[in-house]
Amino acid sequence: LFNHGNYAGIDISKRYIEYAKKKYRKNFEVMNAASLKFIDSSFNNILIFGLIHHLSDQDVWAVLCEAKRVLDSQGKMLVIEDIPTLFYFNIFGKIMHYFDRGKYIRSLQQYNNLLAHYFFVINYFLNT
């Protein structure tokens, strides 16, 4: 999704970052997404993948505030998150939710409401 020579990957887990550095030998740092060490407007694109459903609304707003700060004014952000399974027979989805440690799995509307505090949602995709 990103230019291989010009991106930064962050995670709060030192173990995950060590693995990423070892496997990909790229730009990965241990960092809290709610207090980024990057300068304002330093990124053209941001990917948030599977983070928000682990955070309370207050913590999500702190992360989004930082994302807004480091994102260029013309930049875009892609958020990929878990939602509750919509179909009764989605066994795989139910198993994933059972084992997932996320305490804040929200509906699509709830995610949109959180994002709307800092961003304009252009589009969303629902994979049930």
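In this report, we go over the structure that sits alongside the text. (Residues numbered from 1 in each chain as written. Predicted model: local features only at pLDDT ≥ 70, side-chain atom pairs only at ≥ 80, totals over all residues. Heavy atoms only, no water.)

### Brief notes about the overall build of the chain
Right, so step 1: Secondary structure summary: the chain contains 4 helices and 4 strands in total.
Right, so step 2: For the chain, the succession of helices and strands along the chain, N to C, is β-α-β-β-α-β-α-α.
Right, so step 3: A total of about 9,600 Å² of accessible surface is found on the chain, and carbon and sulfur atoms cover 56% of it. (Helix = DSSP H or I, 4+ residues; strand = E, 2+ residues; numbered from the N terminus. Areas by Shrake-Rupley, 256 points an atom, 1.4 Å probe, with all protein chains shown as cover.)

### Section: the pattern of salt bridges
Right, so step 1: For the coordinates displayed, the defined rule picks out 4 salt bridges.
Right, so step 2: For the salt bridge of Asp57 with Arg106, the shortest nitrogen-to-oxygen distance reads 2.8 Å. Of this pair, Asp57 sits in helix 2 (residues 57-70) while Arg106 sits in the loop between helix 3 (91-99) and helix 4 (108-115), and the two are 49 residues apart along the sequence.
Right, so step 3: The partly exposed category is assigned to Asp57, whose relative accessible area is 36%.
Right, so step 4: Here Arg69 and Glu66 are joined by a salt bridge, their closest N and O atoms 2.9 Å apart. (Salt bridge = Lys/Arg side-chain N within 4 Å of Asp/Glu carboxyl O. Buried < 20%, exposed > 50% of the residue type's maximum accessible area, 1.4 Å probe, protein only.)

### Describing the packing of aromatic side chains
Right, so step 1: Tallied over the entire structure, the rule returns 3 aromatic pairs.
Right, so step 2: Ring geometry for Tyr7 against Phe28: centres 5.9 Å apart, planes inclined by 75°, an arrangement best described as edge-to-face. Linking Tyr7 in the segment before strand 1 (9-11) with Phe28 in strand 2 (residues 28-30), this pair joins segments that are 21 residues apart in sequence.
Right, so step 3: On the accessibility criterion, Tyr7 (21% relative accessible area) is partly exposed.
Right, so step 4: Overall, Phe28 belongs to the buried group, its relative accessible area being 14%.
Right, so step 5: Here the guanidinium or amino end of Lys68 rests over the ring plane of Phe119, the centre of that ring lying 5.2 Å away. (Phe/Tyr/Trp six-rings, centres within 6.5 Å; stacked < 30°, edge-to-face > 60°. Lys NZ or Arg CZ within 6 Å of the ring centre and 35° of its normal.)

### Here's the deal with a nonpolar patch on the surface
Right, so step 1: A cluster of nonpolar residues, Leu47, Phe49, Leu78 and Ile80, forms a patch on the protein surface that exposes about 350 Å² of accessible area.
Right, so step 2: Elements with a minimum of two residues in the nonpolar patch: strand 3 (43-49) and strand 4 (71-80).
Right, so step 3: Locating Leu78 in the fold gives a position in strand 4.
Right, so step 4: Its relative accessible area of 41% is what places Leu78 among the partly exposed residues. (Patch = residues over 30% accessible without salt bridge, like charges linked within 9 Å, V, L, I, M, F, W, Y side chains within 5 Å.)

### So, helix 2
Right, so step 1: With 14 residues, helix 2 extends 20 Å from end C-alpha to end C-alpha; this agrees with the ideal 20 Å at 1.5 Å per step.
Right, so step 2: For helix 2, every residue scored as buried is listed here: Val60, Val63, Leu64, Glu66, Ala67 and Val70. Down the axis of helix 2, the smallest arc covering the buried residues is 160°, so these residues share one side.
Right, so step 3: Packed against the buried residues of helix 2 are strand 3, strand 4 and helix 4. (Expected span 1.5 Å × (residues − 1). Arc of directions from axis to C-beta. Contact = heavy atoms within 4.5 Å.)

### Some remarks on unusual backbone geometry
Right, so step 1: Positive phi, close to 55°, is recorded for Ser41, a residue that is not glycine.
Right, so step 2: Examined against the element boundaries, Ser41 turns out to sit in the loop between strand 2 and strand 3.
Right, so step 3: With relative accessibility at 42%, the residue Ser41 sits in the partly exposed group.

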